[in-house]
Amino acid sequence: MKRTRRVGELFAGTLGLLITLGISFLIAIVLIFLLSKDPLTTIYYFFVGPFTNKYYFGNMLNAAIPLVFTGLGIAVAFKSSVFNLGGEGQVYSGALVATVIMLALPESSGYLGGPVALAAGLATGAVLAGLSGFFKMKWGTDELISSFLISSAVVFIVNYFITGPLDDPGNSMLATYAIGKQYRFLAIFPPSKLDISAVFAILAGVLIFFLMYYTHWGYEMRMCGLNREFSRYGGINVSTFVVLPMIISGALHGLAGAVAIMGTYHVAVKEFSFGMGWNGIAVALIAKNNPLGVLPAAVFFAYLDAGAKAAMLHSDVTFEIAAIVQSVIFYLITAQAIYSFLRYRKRAPS
Amino acid sequence: MSSELYLQMRGITKLYPENNVLANSNVDFDVRDNEIHAVVGENGAGKTTLMKILYGLVQPDSGRILLQQREVQIQSPLDANRLGIGMVHQHFRLIPEFTIAENVVLGTEPRRWGIFFDRDRAINRVEEVIQRYGFTINPRLPVARLTVGQMQLVEIIKILYREAQLLILDEPTSVLTEQQIHKLFVTLENLRAIGKTIVIITHKLGEVKAISQRVTVMRKGEVVAVRDTAEVDERELSRLMVGKSVTFQFEREPVKPGRVVLELREVVLRQKGQDRPLLDRVNLKVHAGEIVGVAGVSGNGLAEVEDVVGGLRRVTEGQLLHDGRDITDLSAVQLRQRGLAYVPADRLHRGSSLQSSVMENMIISSHHDFLRGGVFRQKEVEEFSETLSSSFSIDGDPRMPIGTLSGGNIQKVILARELASNTDFIIFSEPTWGLDVASAEFIYAKILEIRRRGIAVLLISSNLDEILALCDILVVLYRGEVVATLSNEEKLSKELVGEYMMGLRDDGGTQA
């Protein structure tokens, strides 16, 4: 009896997501009919556009890569019931630090500089988020607030470096000098920007899944996430598991920034990473915090984005209209995911 | 005094399906107009559930409520307030940073222009209530600066502000000092004198005699007696509350107690914001192969002994010793490493993680034994849980969430896990609370079996039958103090222990 009810609940959760998806697509279609003079073309490019050629398709997948990393970062934190809302700043500063390293290293260091830059980006995110975890452990500061505040402050510092000391006067954008050729990831699906880091993203998903479900750190994080009282009773050092999930979460965000620079952008453009952090939360929520679920969820998000871009290029839809349609879908799905997440947390004793 | 009935509850039945506890079984409960009516009973007797039903916090499965002969529907506390019913909860519901006036008007704030909080009017109105009932307290004071007795007064003012005619107080004296209790009683007397009707839930029989006109005694979800307080003495009430001895007959073969395994020395536990210590110089020794029972009515320090010995709460003063070594400052993590085994009273929140699988629940304290390079050896974990499941006959798939199991099976999982550790002492707290007879007997048999193995057992329980059936030594707590240490022999009667538990005796008992 009880077992079938549980399965039912799980099914209801997935079904709920599908229904929301259907409704949001319907609203999007209605909006397009209202706002576009040629609604059928617009609808075609909005939903099918990303699959019409190799360039669009590859770029869509490429846009999913940073979302996989940030989505994983959020999933690890949420699974442990800690909240990292500093994703934006962690991605952005991770990207900057990685860029600085690559610009500073002499050409003679060769390919070795790549891993160093990746590690530096990762460490930057880890330190920023880890600080919030540490404050929480030490003084009980709410990590949700502190991570958000630290991140917001860091954005301005990064902006200063990109537009100030590191600014490339030869580039018309507000951006740093470009990183050396030897640091750039191999493109694997030309003419699109999709590069080898897609493989890293998949590996990261598998690795985090393994960490969460097969190792004792994962077990301890999950147990603390589900029931801290039980964990403390059972002899787990619960204060550690406020800090560790934050560190891992921050590290994945920092990595997202570094990977985006080395794979796609090659220069750190002012505010280039905006949205990667917040969208990571939505991705994690849609994936129900399952590390393997993050992969398709990130692709889905990228798909919506790519559809809007394709519609803009090929029909009379302006940027604003595309953004409105896209937001309707984003908000509905995120709201549904948050709703089921909150309901799940409500059932779990804190 | 008019003896007209103010409140009638008829045939109230409430079953909590989660743990299959019949909290109220066809309960009839009457309160006369303008009386102070005490409701007494051991914990789990159903008093609080009955009051929650009256206050709209819990919906009964069946039964009717009549207020002044008119049938009423109470779906929520808001309904209750509208009908003139107010409740002071055992744990205060106040916001420490707010002033008294702000706390009192919370939810029905006077407003200026419909949107702004009108602080002056709030203070005036609350001041008016304070004057009318003859209290002396400044409504501008922040609640954080009040004593516990004053906070309780704020709770009372809160319900008087909402024009309550019937006041329910849930164990109002459990956190108060003697003087504060005296003051409270004067207040309640005054409120009655001006026409209020009061229901007071309590464990303390002296208080029943001191304050009430009538008393309803509950036991195991049923009303067992309704008396005029003047015509009943405390001993009779005590007997009515604990009931006849249910004789669990177990063979407790005499064991010569070994070394002292666990010792509490002069343990004091204080809590911020409470004027009375929760544990007051508690001394206690558990020898190898001995079961020491800690008995008492809840709210008298049982839960605190559990927390302290389980390493989840630091003592304020005094020492804890394990095998003669000081373990006072060890954390739960370190205690686990020393082999602490512990079956907690709160098995659904502390003892298990309901959404995790049975398997994950089984390895919480031992999961480090299943690792190779930080990675679980899945096969060994599975074998371990299969072994525990079959030796404790736990039904169900170990991969399913433990929350899908019955209460009895959840307790078996906890028991299996704790007994699997290689330990020389184990704590049981309320091990059979809410369980059916078969599960309880299974657990009793296990406790006696580990006693035979020479393990020191500390059994904390408010169930006297259980304590008397199992224990070698019995320690009775009353208001955080050890009022008796008794050796459990033939002549030890349930009535006598009951009297210690209710605070009717404090001669220290026959020293064991």
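Bear in mind that the values here come from a model prediction, so they are computed numbers and not experimental data.

What counts and how
Throughout, residues of each chain are indexed from 1 in the direction in which the sequence is written. Labels follow written order: the first chain is A, the first ligand is 1, and so on. The predicted origin of the model limits local features to residues at a pLDDT of at least 70 and limits the giving and counting of side-chain atom pairs to 80 or more, whereas totals for whole chains, interfaces and linings rest on all residues. In this text, helices come from DSSP runs of H or I with a minimum length of four residues, and strands from runs of E with a minimum of two, each type numbered from the N-terminal end. Every radius of gyration here is taken over C-alpha atoms, with the globule rule written as 2.2 Å times N^0.38, N being the number of residues. Remark: C-beta atoms are placed from the backbone, and a residue is labelled buried if 20 or more other C-beta atoms sit within 10 Å of its own, exposed if 12 or fewer do, or partly exposed between those counts. We call two residues in contact if the C-beta atoms placed from their backbones are at most 7 Å apart. Following the grouping adopted for this structure description, the nonpolar residues are Ala, Val, Leu, Ile, Met, Phe, Trp, Tyr, Cys and Pro, the charged ones are Asp, Glu, Lys and Arg, and the polar ones are all others, Gly among them. Here a strand pair is declared whenever DSSP counts at least two bridges between the two strands. To get an axis, a line is fitted to the C-alpha atoms, and for a helix only the part in contact is used. The angle between two axes follows their N-to-C directions and goes from 0 to 180 degrees. In this entry, domain limits derive from an automatic or database-based domain assignment. An angle below 35 degrees is treated as roughly parallel, one above 145 as roughly antiparallel, one from 65 to 115 as roughly perpendicular, and anything else as oblique. By convention in this section, buried Ala, Val, Leu, Ile, Met, Phe, Trp, Tyr and Cys residues joined through C-beta atoms within 7 Å make up a nonpolar core. Seen with its strands pointing away from the viewer, a crossover is right-handed if its path from the first strand over the helix to the second goes clockwise. A helix is expected to span 1.5 Å for every residue after the first. Two helices that cross are described as forming a left-handed crossing if the nearer one is turned anticlockwise from the farther one by less than a right angle, and a right-handed crossing if clockwise.

A.B. asks: Help me understand the overall build of chain A in this model?
C.D. replies: Of regular secondary structure, chain A possesses 13 helices and 0 strands. Across chain A, helices and strands are ordered from the amino to the carboxyl terminus as α-α-α-α-α-α-α-α-α-α-α-α-α. Taking 20 Å as the expected radius of gyration for a compact globule of 350 residues, we find that chain A reaches 21 Å, a close match to that expectation. In terms of overall dimensions, chain A has C-alpha extents of about 60 × 55 × 30 Å along its principal axes. For chain A, the proportion of its 350 residues judged to be buried stands at 51%. Considering only contacts within chain A whose residues lie at least 6 apart along the sequence, 77% involve residues at least 24 apart.

A.B. asks: Would you explain the overall build of chain B in this entry?
C.D. replies: Check the secondary structure of chain B and you find 16 helices and 24 strands. For chain B, the C-alpha atoms occupy an extent of roughly 70 × 55 × 45 Å along the three principal directions. Classification of the 512 residues of chain B by burial places 47% in the buried group. Once local pairs closer than 6 in sequence are excluded, the contacts in chain B between residues at least 24 apart make up 70%.

A.B. asks: For this particular structure, what's the right way to read unusual backbone geometry?
C.D. replies: Only a minority of non-glycine residues have a phi that is not negative, and only a minority of peptide bonds are not trans. Residue P190 of chain A is joined to P191 of chain A through a cis peptide bond whose omega torsion reads 5 degrees. Within the chain, K220 of chain B stands out as a residue other than glycine whose phi angle is a positive 50 degrees. On the secondary structure map, K220 of chain B appears in the loop between β11 (214-219) and β12 (222-228). Using a count of 15 C-beta atoms within 10 Å as the deciding quantity, one classes K220 of chain B as partly exposed. Backbone geometry at D323 of chain B places phi at a positive 55 degrees, although glycine is not the residue there. Mapped onto the secondary structure, D323 of chain B falls in the loop between β16 (317-322) and β17 (325-326).

A.B. asks: Looking at this structure, how should I read the interface of chain A and chain B?
C.D. replies: You'll often see interface size given as the accessible area lost when the parts meet. Contact with chain A, which involves 20 residues of that partner, is made by 22 residues of chain B. For the side of chain A that touches chain B, the element with the highest residue contribution is helix α8 (residues 216-226) of chain A, accounting for 5 residues. Grouping the constituent residues of the side of chain A that touches chain B by class yields 9 nonpolar, 6 polar and 5 charged.

A.B. asks: Explain the sheet that holds strand β4 (residues 62-67) of chain B here, please?
C.D. replies: Each strand in a sheet pairs with another by means of backbone hydrogen bonds, the pair being arranged parallel or else antiparallel. All names here are of chain B. Strand order in the open sheet formed by 4 strands is β2-β1-β4-β5, and the pairing between neighbours is antiparallel. Each having just a single partner strand, β2 (21-32) and β5 (70-72) make up the two edges of the open sheet. If you compare each strand with its neighbour and ignore which way they point, the axes differ by 25 degrees on average. With 3 bridges joining them, β4 and β5 adopt antiparallel strand pairing. Residue L67 lies in a different strand from β5, and its bridge partner there is R70.

A.B. asks: Looking at this model, I keep getting lost on the domain arrangement of chain B. Mind explaining?
C.D. replies: Residue and element names in this part refer to chain B. Structurally, chain B comprises domain 1 (5-242), domain 2 (259-340 + 428-447 + 461-512) and domain 3 (352-422). On a C-alpha basis, the centroid separation for the pair domain 2 and domain 3 is 28 Å. Taken together, the contact between domain 2 and domain 3 spans 8 residues of the former and 8 residues of the latter. The element that contributes the greatest number of residues to the side of domain 2 that touches domain 3 is helix α14 (residues 437-452), accounting for 3 residues. For the side of domain 2 that touches domain 3, the residue count by class is 2 nonpolar, 3 polar and 3 charged.

A.B. asks: So what exactly am I meant to see when it comes to the packing of helix α8 (residues 234-242) of chain B against helix α16 (residues 494-501) of chain B here?
C.D. replies: The packing of two helices is summarised by the inter-axis angle and the distance between the axes. All names here are of chain B. Between α8 and α16, whose axes approach to 9 Å, the crossing angle comes to 110 degrees. It follows that α8 is roughly perpendicular to α16 by the angle criterion. Residues R235, S238, R239 and V242 of α8 lie in contact with α16, whose contacting residues are K494, E495, G498 and E499. Classifying every residue of the contact of α8 with α16 by side-chain character gives 1 nonpolar, 2 polar and 5 charged.

A.B. asks: Help me understand the nonpolar core, please; the structure alone is not making it clear to me.
C.D. replies: Counting 250 residues, the largest nonpolar core has V68 of chain A together with V476 of chain B as the members making the most contacts within it. When residues in this core are grouped by element, the largest group, 16 residues, is from helix α10 (residues 240-265) of chain A. With residues up to four places along the chain from it excluded, the contact list for V476 of chain B reads A295, G296, V483, A484, V497, Y500 and M501 of chain B.

A.B. asks: Before we go on, may I ask you to explain the sheet that holds strand β14 (residues 279-287) of chain B in this structure?
C.D. replies: Residue and element names in this part refer to chain B. Here we have 4 strands laid out as an open sheet, ordered β14-β13-β16-β17, and antiparallel in their pairing. In this open sheet, the two strands that pair with only one neighbour each are β14 and β17. Pairing between strand β13 (residues 260-269) and β14: 6 bridges, direction antiparallel. Bridge pairing links L262 to V286 in β14.

A.B. asks: Please explain the pairing of strand β21 (residues 425-429) of chain B as it appears in this structure.
C.D. replies: Look at any regular strand and the pattern is simple: side chains alternate between the two faces of the sheet. All names here are of chain B. With 5 of 5 residues buried, β21 is to be regarded as a mostly interior element. Residues of β21 alternate between two faces, with F425, I427 and S429 on one and I426 and F428 on the opposite face, all of them buried. In terms of strand pairing, strand β18 (residues 341-343) meets β21 through 3 bridges, oriented parallel. Residue pairing in the sheet places A341 in a bridge with I426 of β21. As judged from the 5 bridges shared by β21 and strand β22 (residues 456-461), these two strands associate in the parallel manner. The residue bridging F425 from the neighbouring strand is A456, located in β22. Read as a crossover between parallel neighbours, the route from β21 over α14 to β22 is right-handed.

A.B. asks: In this structure, what is going on with the environment of L191 of chain B? I would like to understand it.
C.D. replies: All names here are of chain B. Within the secondary structure, L191 sits in helix α6 (residues 178-193). Classification of L191 by C-beta neighbours within 10 Å gives buried; the count is 20. The spacing of L191 and L167 is 24 residues in sequence and 9.6 Å in space, taken between C-alpha atoms. Those residues in contact with L191 that sit more than four places away from it in its chain are L167, K196 and I198.

A.B. asks: For this particular structure, what's the right way to read α10 of chain A?
C.D. replies: Residues and elements named next belong to chain A. The terminal C-alpha atoms of α10, which comprises 26 residues, lie 36 Å apart, in line with the 38 Å expected from a rise of 1.5 Å per residue. Within α10, 24 of the 26 residues are buried, which leaves it mostly tucked inside the rest of the structure. Once α10 ends, the next one or two residues include H266, with phi positive near 65 degrees.

A.B. asks: Hey, could you run me through the environment of K285 of chain B in this one?
C.D. replies: Residue and element names in this part refer to chain B. Positionally, K285 belongs in strand β14. Residue classification places K285 among the partly exposed residues on the basis of 19 C-beta atoms within 10 Å. Spatially, the C-alpha atoms of K285 and I473 are 9.6 Å apart, while their sequence positions differ by 188 residues. Setting aside anything within four residues of it in sequence, one finds K285 in contact with V260 and E263.

A.B. asks: It is not clear to me how the environment of I201 of chain B should be interpreted in this structure. Could you clarify?
C.D. replies: Residues and elements named next belong to chain B. Along the polypeptide, I201 turns up in strand β10 (residues 197-202). The class of I201 is buried, set by 22 C-beta atoms lying within 10 Å. Taking the C-alpha atoms as reference points, I201 and V39, 162 residues apart in sequence, are found 4.8 Å from one another. Once residues within four sequence positions are removed from consideration, I201 is found in contact with V39, K47, T48, M51, L169, D170 and E171.

A.B. asks: Quick question: what am I supposed to make of the packing of helix α11 (residues 276-286) of chain A against helix α12 (residues 291-314) of chain A here?
C.D. replies: Residues and elements named next belong to chain A. Packing of α11 against α12 brings their axes to within 8 Å, and their N-to-C directions diverge by 125 degrees. Judged by the inter-axis angle, α11 sits oblique to α12. The hand of the α11/α12 crossing is right-handed. Within the contact between the two elements, α11 uses N279, A282, V283, A284 and I286 and α12 uses V294, A297, A298 and F301. Residue composition of the contact of α11 with α12, by class: 8 nonpolar, 1 polar and no charged.

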